[in-house]
Amino acid sequence: MTELIAVAAITVLAVISPGADFAMVIRNSYLYGRTTGLMAAAGVAAGVLVHVTYTMLGVGLLIASSTALFTAIKLVGAAYLVYIGLRTFFARGDLDVDLESKPQLTRFGALRTGFLTNALNPKTTLFVVSTFTQVVGPGTSVWQQAGYGLFMSAAHFGWFALVALFFSNSRLRTSMLKWQKALNRGIGSVLVGLGVTLGLAR
């Protein structure tokens, strides 16, 4: 149960912290409408599964080969959570999104853009690896790990689908961005707390 709570908490906080995926979905939703934004959100969710796949294999190999190395990676992962928390806490209140240029974008193009944005996103790489190293142990089954990965992907789709719905409406977009700074402070504080707690846990 503790593992499930940790995965859920870290995932939700990491998903809603601003990043390249957030800016991309905002832009596509604002410029091209709700459907294009939803396709981009689906691409983001699919991109997460790329990181989940190689992380599941890598964490399993680490556990089997060296407990000391796995512990070291676990501490690095906890330190990353603290780092991303501090970055989020001190982030600017306004999000830089280019809304000037408007080239044509098909639904498949939006899906591909969302996929590549997260599949090639170092932040997503570190988030998935960090989370898995905190909650996966010798007794964690492959099916349970796959469940964690599917939850991460579903959480990304759920959040970015909401972003697409909000930011396809210009009035809602302005209202949401107004509260971004306060949201960053809250997310950052909790991520730092989680990182310290998980890093000190044995």
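Residues numbered from 1 in each chain as written. Predicted model: local features only at pLDDT ≥ 70, side-chain atom pairs only at ≥ 80, totals over all residues. Heavy atoms only, no water.

Undergrad: Is there a simple way to explain the overall build of the protein in this structure?
TA: Helices and strands together make up the secondary structure of the protein, namely 9 helices and 0 strands. Along the chain direction, N to C, the helices and strands of the protein fall in the order α-α-α-α-α-α-α-α-α. Residues counted as buried form 43% of the 202 residues belonging to the protein. A sequence separation of at least 24 residues applies to 87% of the contacts in the protein between residues at least 6 apart. (Helix = DSSP H or I, 4+ residues; strand = E, 2+ residues; numbered from the N terminus. Buried < 20%, exposed > 50% of the residue type's maximum accessible area, 1.4 Å probe, protein only. Contact = heavy atoms within 4.5 Å.)

Undergrad: Please clarify how helix α6 (residues 122-135) should be interpreted in this entry.
TA: Here α6 is 14 residues long and its end C-alpha atoms lie 20 Å apart, about the 20 Å a rise of 1.5 Å per residue gives. Those residues of α6 that sit buried are Thr124, Phe127, Val128, Ser130, Thr131, Phe132, Thr133, Gln134 and Val135. (Expected span 1.5 Å × (residues − 1).)

Undergrad: What's the story with the nonpolar core in this structure? I'm lost.
TA: For soluble globular proteins, the rule of thumb is that nonpolar side chains tend to be buried together. Grouped together as the largest cluster of nonpolar side chains are 16 residues, with contacts concentrated most on Phe22, Val25, Trp159, Phe160 and Val163. Top element by residues in this core is helix α7 (residues 142-167). It accounts for 6 residues. Every residue in contact with Val25, bar those within four places of it in the chain, is listed here: Gly37, Ala40, Ala41, Val44, Phe160, Val163 and Ala164. With 15 residues, the next largest nonpolar core counts Ala14, Val48, Met56 and Val135 among its residues. (Core = buried A, V, L, I, M, F, W, Y, C linked by side-chain atoms within 4.5 Å.)

Undergrad: Where do I start with the packing of helix α2 (residues 20-32) against helix α5 (residues 107-119) in this structure?
TA: Helix-helix packing is described using two parameters, namely the angle between the two axes and the distance between the axes. Packing of α2 against α5 brings their axes to within 9 Å, and their N-to-C directions diverge by 165°. Our classification of the angle between α2 and α5 gives roughly antiparallel. Note that α2 runs across α5; the crossing there is right-handed. Every residue of α5 that contacts α2 at Ala20, Asp21 and Met24 is listed here: Thr113, Gly114, Thr117 and Asn118. By residue class, the composition of the contact of α2 with α5 is 2 nonpolar, 4 polar and 1 charged. (Axes fitted to C-alpha atoms, helices over the stretch in contact; angles between N-to-C directions. Parallel < 35°, antiparallel > 145°, perpendicular 65-115°, else oblique. Left-handed = near helix turned anticlockwise from the far one by under 90°. Nonpolar A, V, L, I, M, F, W, Y, C, P; charged D, E, K, R; others polar.)

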